[in-house]
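Survey of secondary and tertiary structure
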Amino acid sequence: MVEVNELHKDYRVGKVLFPALRGVNTVIQDGEFTAIAGPSGSGKTTLLNIIGCLDSPTSGTVYIDGTDTGTLTTREKANLRKNQIGFVFQTFNLIPVLTAFENVEIPLLLLDTKTDENKDRVVGILEEVGLAEYLHRKPNEMSGGQQQRVAIARALVKRPSLVLADEPTANLDSTTAREILELMQELNRKFHTTFVFSTHDQLVMDYAERIIGLRDGMIVDDKRKETPA
Amino acid sequence: MKILHLAWRNVFRHTRRTLITASAISVGLSAMILSNTMMNGADKMASENIIQYETGHMQIFAKGYYREEGIFPLDTIIEEPETIIQHVRTHRNVAGVTERVKFQARVNNGVDELPTLAYGIDIENDSEVFRIAQSVVDGAFLKEREDILIGTDLARDMGFAIGSYLTVITKDRYGTYNANDFFVSGLINTTHPLFDRNAVLMKLEVAQQLLDLDHGVTEICVRVRNSAQLASAQRDITALIGAKYEVYTWRELNAAIFEISGFKRLSQFMIALVVLIIAAVGIVNTMLMAVMERIPEIGTLKAMGFRNNSIVQMFVLEGGIIGAFGSLLGCIFGVLMSLYVAIQGLDFSQFFGDMDVGYPIKMIIKGEIDFLTILLVFLFGVVVTILVSLWPVRMATRLEPVDALRHV
């Protein structure tokens, strides 16, 4: 469960203080498939980054499964990310010199799992995202959609409780975007992993169970759908 | 292990860049190795020349002679060499002993005159210590009283050939001028420039008569069987012959030359070091580029939970791999060049002619490869690359993950 209380984040640009988040409060339950929607500059990415311990808030608190992330040291934050949080980025952020298999394997290198087990898990998750045939391809030998599938597999391979996806479909065409969203939805249902993704795309919002509307750093809307598309 | 694998892959992201950096390191290191080989070779040749032609392993003088050796003090000579020689021969490490008279003389060909270093040598025993007899390239070794050996270079300068007539002019021990006529019986060609250019050698008794020394000699030269135990032999012999004489090893007698050698070695090493520093700047540059262009990737790794240490480790390994590759390349090139110099020798005479470089070797230097130095140079190269890789990556890992991810 993710709990966000009175979250503020100010960026200083020269002498001007720019407020990116202005008192955000929300609770995201385990297994939710939540979109944070809003126009550019509304604070979506900032919110995701703070939830993911990649950035620190100016004030306010974030609890992940009961842990106040503001009290954690750099090392503890790294451990939290290592064990509990998976990231999917707009630009996929795969390591270009590694194959799909090796990219997905990276998060497991940090965990104390056995090599054989790692291999099974990597192959399993790549099959799950439909890339069983592409294990040994490098990112530049794959399409954007395939690369994002690898990125999703990489985020999920360590079985995190939370996956944060920042505009995961922004660099994809609408057909591929749909496929990726369906994949994320399927994985969310199958593994009961909490998905939080930011978007300004209506298509993405159509798939979300819950849409948190963000504007000028504040939540302006919070809608739940009973039966997502 | 996996981090090494990742580092290995990263090294070959930009093969050309890696190769250029590695070759820069290899140039620096091969220069170091080559300079070391040449200096070793020069030292070895100089040592051999000194031992085989000039001093043997040790020399015995009358007390006080060596201090004034530069003026050839004929009043401080060994008056009764026979007893000393007998004593010295009893030492188990002594392989050969001979006596010599060394003095300044002018050689006249009837038209021109040149200052030379003249030696009176004991033709019976000289070969026990020296290689003069083996260096006769034309004519014959000393037999008759009027025979004289001269170096090929001196013969060329003065226009002498076998059978030429020459006059040796010198002062005897009492300061009186004396002269003697000789016939060139043989030409010697040693590897020692001093002997080939400046020396004339006559029979010992002729020199003694010329200088009015009676049976006296200026020095007794000793060759040992095991040069590793030279110092103990020196101590034993000093004790054996008593306080009226002094014993010096060839190294002590040529300290100045080896000081020059040390200085040359240092200066050559400094030049190679400068080359290596330039290479190190190249590595910093390569690593800086590698780090800067991969800052978002560092952000991604951090997002996945990588700690700074692992990231630093990865980049340092990358630097280390480039360093090891460059160092290996440098060692291979260095050894290949060194082998050429060791087998073929490098002929500097075209550049310098017969110029005197203050070092008892000729202008053809045969290198001497020292494999321990090569190993040290290799390790040096790797360590330097690792050290200079640390700085750029330390800088990059200081960024917050979010700043690293956002970095363009």
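Residues numbered from 1 in each chain as written. Chains lettered and ligands numbered in written order. Predicted model: local features only at pLDDT ≥ 70, side-chain atom pairs only at ≥ 80, totals over all residues. Heavy atoms only, no water.

A word on the overall build of chain B
As a reminder of what qualifies: The secondary structure listing takes helices from DSSP runs of H or I that are at least 4 residues long and strands from runs of E that are at least 2 residues long, numbered from the N terminus. The globule rule is 2.2 Å times the number of residues to the power 0.38, and the radius of gyration it is compared with is taken over C-alpha atoms. Three labels apply to residues, based on accessible area from a 1.4 Å probe with only protein chains included: buried if under 20% of the type maximum, exposed if over 50%, partly exposed otherwise in between. Residue contacts are defined here by distance: any two heavy atoms, one from each residue, within 4.5 Å place the two residues in contact. The Shrake-Rupley method, run with a 1.4 Å probe, gives the accessible areas here. Residue values count only the displayed protein chains as cover.
Broken down by element type, chain B carries 15 helices and 12 strands. Against the globule reference of 22 Å for 408 residues, chain B gives a C-alpha radius of gyration of 31 Å, more extended than a compact globule. Oriented by its inertia axes, the alpha-carbon framework of chain B measures out at about 95 × 50 × 30 Å. When the 408 residues of chain B are sorted by exposure, 53% land in the buried category. Taking all contacts inside chain B whose residues are at least 6 apart in sequence as the whole, residues at least 24 apart take part in 79%. Accessible surface computed for chain B: about 18,700 Å², of which carbon and sulfur atoms make up 60%.

Comments concerning the pattern of salt bridges
Applied cut-off: Think of a salt bridge as a Lys or Arg side-chain nitrogen and an Asp or Glu carboxyl oxygen that are within 4 Å of each other.
Following the criterion strictly, the structure yields 24 salt bridges over all chains and no others. Linking Arg406(B) and Asp403(B) is a salt bridge whose minimum nitrogen-to-oxygen distance equals 3.7 Å. Residue Arg406(B) and its partner Asp403(B) are located together in helix 15 (residues 401-406), separated by three residues, close to a single helical turn. On the accessibility criterion, Asp403(B) (34% relative accessible area) is partly exposed. One salt-bridge network, held together by shared partners, links Glu32(A), Arg210(A), Asp222(A) and Arg224(A).

What to know about the packing of helix 2 (residues 15-55) of chain B against helix 12 (residues 308-343) of chain B
Residue and element names in this part refer to chain B. We count it as follows: Fitted lines through C-alpha atoms serve as axes, helices being fitted only where they are in contact, and the angles separating the N-to-C directions of these axes extend from 0 to 180 degrees. By convention, the crossing between two helices is left-handed when the near helix turns anticlockwise from the far helix through less than a right angle, and right-handed when the turn is clockwise. Gly is placed with the polar residues, together with every amino acid not listed as nonpolar (Ala, Val, Leu, Ile, Met, Phe, Trp, Tyr, Cys and Pro) or charged (Asp, Glu, Lys and Arg).
Their axes nearest at 7 Å, the elements helix 2 and helix 12 cross at an angle of 35 degrees. Crossing handedness for the pair helix 2 and helix 12: right-handed. Here the contact of helix 2 with helix 12 is built from residues that sort into 15 nonpolar, 11 polar and no charged.

Some thoughts on helix 1 (residues 2-11) of chain B
Our working rule: The arc in question is formed by the directions pointing from the helix axis toward the C-beta atoms.
Burial in helix 1 of chain B covers these residues: Ile3(B), Leu6(B), Ala7(B), Asn10(B) and Val11(B). With its buried residues spanning 140 degrees around the axis, helix 1 of chain B presents them on a single face.

Some remarks on the pairing of strand 5 (residues 147-151) of chain B
Residues and elements named next belong to chain B. Definition in use: Strands qualify as paired when DSSP identifies two bridges or more between them.
With respect to burial, strand 5 is a largely interior element, five of its five residues being buried. Residues Asp147, Leu149 and Gly151 of strand 5 are buried on one face, and the alternating residues Ile148 and Ile150, pointing to the opposite face, are buried as well. Note that strand 5 and strand 7 (residues 177-188) share five bridges and pair parallel. Across the sheet, residue Asp147 finds its bridge partner in strand 7, namely Phe183.

Side note on empty space enclosed by the protein
To keep things clear, this is the line we draw: As defined here, a cavity is a set of points on a 1 Å grid over the protein atoms alone where a 1.4 Å probe fits but cannot get out. A pocket is an open set with protein on both sides within 12 Å along at least five of seven lines, and residues line them when an atom is within 4 Å of a point. Grid points are joined across faces, edges and corners, and a volume is the space filled by probe spheres set on the points.
The final tally for this structure, using the stated rule, is four cavities of 30 Å³ or more. Lining the largest cavity are Asn10(B), Val11(B), His14(B), Arg17(B), Thr18(B), Thr286(B), Met287(B), Ala290(B), Arg294(B), Glu318(B) and Ile322(B). Looking at the lining of the largest cavity, the elements that each hand over two or more residues are helix 1, helix 2, helix 10 (255-293) and helix 12 of chain B. With three residues, the single largest contributor to the lining of the largest cavity is helix 10 of chain B. In terms of residue class, the lining of the largest cavity is built from four nonpolar, four polar and three charged. In this structure, the second largest cavity is lined by Gly86(A), Phe87(A), Phe89(A), Pro107(A), Arg154(A), Ala155(A), Lys158(A), Thr300(B), Ala303(B) and Met304(B). Going through the elements one at a time, strand 6 (85-88) and helix 5 (144-156) of chain A together with helix 11 (295-303) of chain B are the ones with two or more residues in the lining of the second largest cavity. Here the lining of the second largest cavity is composed, by residue class, of six nonpolar, two polar and two charged.

Digging into the nonpolar core
This is how it is decided: Buried Ala, Val, Leu, Ile, Met, Phe, Trp, Tyr and Cys residues that are joined via side-chain atoms within 4.5 Å together make up what is termed a nonpolar core.
Core analysis: the largest hydrophobic core is formed by 50 residues, its most contacted members being Ile60(B), Val88(B), Phe103(B), Ile150(B), Leu166(B), Val168(B) and Met202(B). Of the residues forming this core, the biggest block, six residues, is contributed by strand 2 (residues 94-108) of chain B.

Some details on the environment of Ala199(B)
Residues and elements named next belong to chain B. Looking at the secondary structure, you find Ala199 in strand 8 (residues 199-203). Among the residues examined, Ala199 registers a relative accessible area of 1% and is labelled buried. Along the sequence, Ala199 and Gly151 sit 48 residues apart, while their C-alpha atoms lie 6.4 Å from each other. Leaving out residues up to four positions away in the same chain, Ala199 has contacts with Leu117, Tyr119, Leu149, Ile150, Gly151, Leu154 and Leu194.

Observations regarding the packing of aromatic side chains
All names here are of chain B. Condition: Stacked, tilted and edge-to-face are the three classes applied to pairs of Phe, Tyr and Trp rings, where Trp contributes its six-membered ring and a pair requires centres within 6.5 Å; stacked means planes under 30 degrees apart, edge-to-face means over 60, and tilted covers the rest. We call a charge positioned above a ring when the Lys NZ or Arg CZ atom is no farther than 6 Å from the ring centre and deviates by at most 35 degrees from the ring normal.
In this structure the tally under the stated criterion is 11 aromatic pairs over all chains. Between Tyr53 and Phe195, the aromatic rings sit 6.0 Å apart at their centres with planes inclined by 45 degrees, giving tilted as the arrangement. Remark: Phe195 occurs in helix 6 (residues 193-198) and Tyr53 occurs in helix 2; sequence separation between them is 142 residues. Residue classification places Tyr53 among the buried positions, given a relative accessible area of 5%. Taken together, Phe61, Tyr65, Tyr66 and Tyr248 form an aromatic cluster joined through their ring pairs. Above the ring of Phe130, the side-chain terminus of Arg100 is found at 3.6 Å from the ring centroid.

Observations regarding the sheet that holds strand 3 (residues 33-37) of chain A
All names here are of chain A. Strands sit in the order 6-7-8-3-9-10 across an open sheet of six strands; the sheet is mixed. Each edge of the open sheet carries a strand with a single partner, namely strand 6 and strand 10 (218-224). Going across the sheet, the axis of each strand differs from the next one's by a mean of 15 degrees, ignoring polarity. Together, strand 3 and strand 8 (194-199) form the strand contacts of helix 6 (residues 174-191), whose direction differs from that of strand 3 by roughly 135 degrees.

As for the confidence of the model for chain A
Note: predicted coordinates in regions of low pLDDT should not be interpreted at a detailed level. Heads up, the rule is: Confidence scores labelled pLDDT are given residue by residue by the predictor and lie between 0 and 100.
When pLDDT is averaged across chain A, the result is 91; 98% of the residues are at 70 or more. Averaged over each element, pLDDT in chain A is lowest for helix 7 (residues 202-207) of chain A (87) and highest for strand 4 (residues 59-64) of chain A (96).

A few points about helix 14 (residues 371-397) of chain B
For clarity, the threshold we go by: A helix is expected to span 1.5 Å multiplied by its residue count minus one. The term polar contact refers here to a pair of N or O atoms within 3.5 Å; inside protein, the definition further demands a hydrogen-donor-capable atom paired with an acceptor-capable atom, and it admits residues adjacent in sequence only when both atoms are side-chain atoms.
Look at helix 14 of chain B: 39 Å from first C-alpha to last across 27 residues, which is about the 39 Å you get at 1.5 Å a residue. Measuring from the side-chain oxygen of the N-cap residue of helix 14 of chain B to the backbone nitrogen of Leu372(B) gives 3.3 Å; that N-cap residue is Asp370(B).

Describing the packing of helix 12 of chain B against helix 14 of chain B
Residues and elements named next belong to chain B. Cut-off, in case you're wondering: Angular relationships are summarised with four words: roughly parallel below 35 degrees, roughly antiparallel beyond 145, roughly perpendicular across 65 to 115, and oblique for the angles in between.
Helix 14 packs onto helix 12 with a crossing angle of 150 degrees between their chain directions and a minimal axis gap of 7 Å. With respect to each other, helix 12 and helix 14 are oriented roughly antiparallel. Note that helix 12 runs across helix 14; the crossing there is right-handed. Taken together, the residues of the contact of helix 12 with helix 14 sort by class into 14 nonpolar, nine polar and one charged.

Some points on the side chain of Ser42(A)
All names here are of chain A. Within the secondary structure, Ser42 sits in the loop between strand 3 and helix 1 (44-51). Since its relative accessible area comes to 1%, Ser42 is described here as buried. Contacts of Ser42, omitting those with residues within four sequence positions, involve Ala20, Leu214, Arg215, Asp216 and Gly217.

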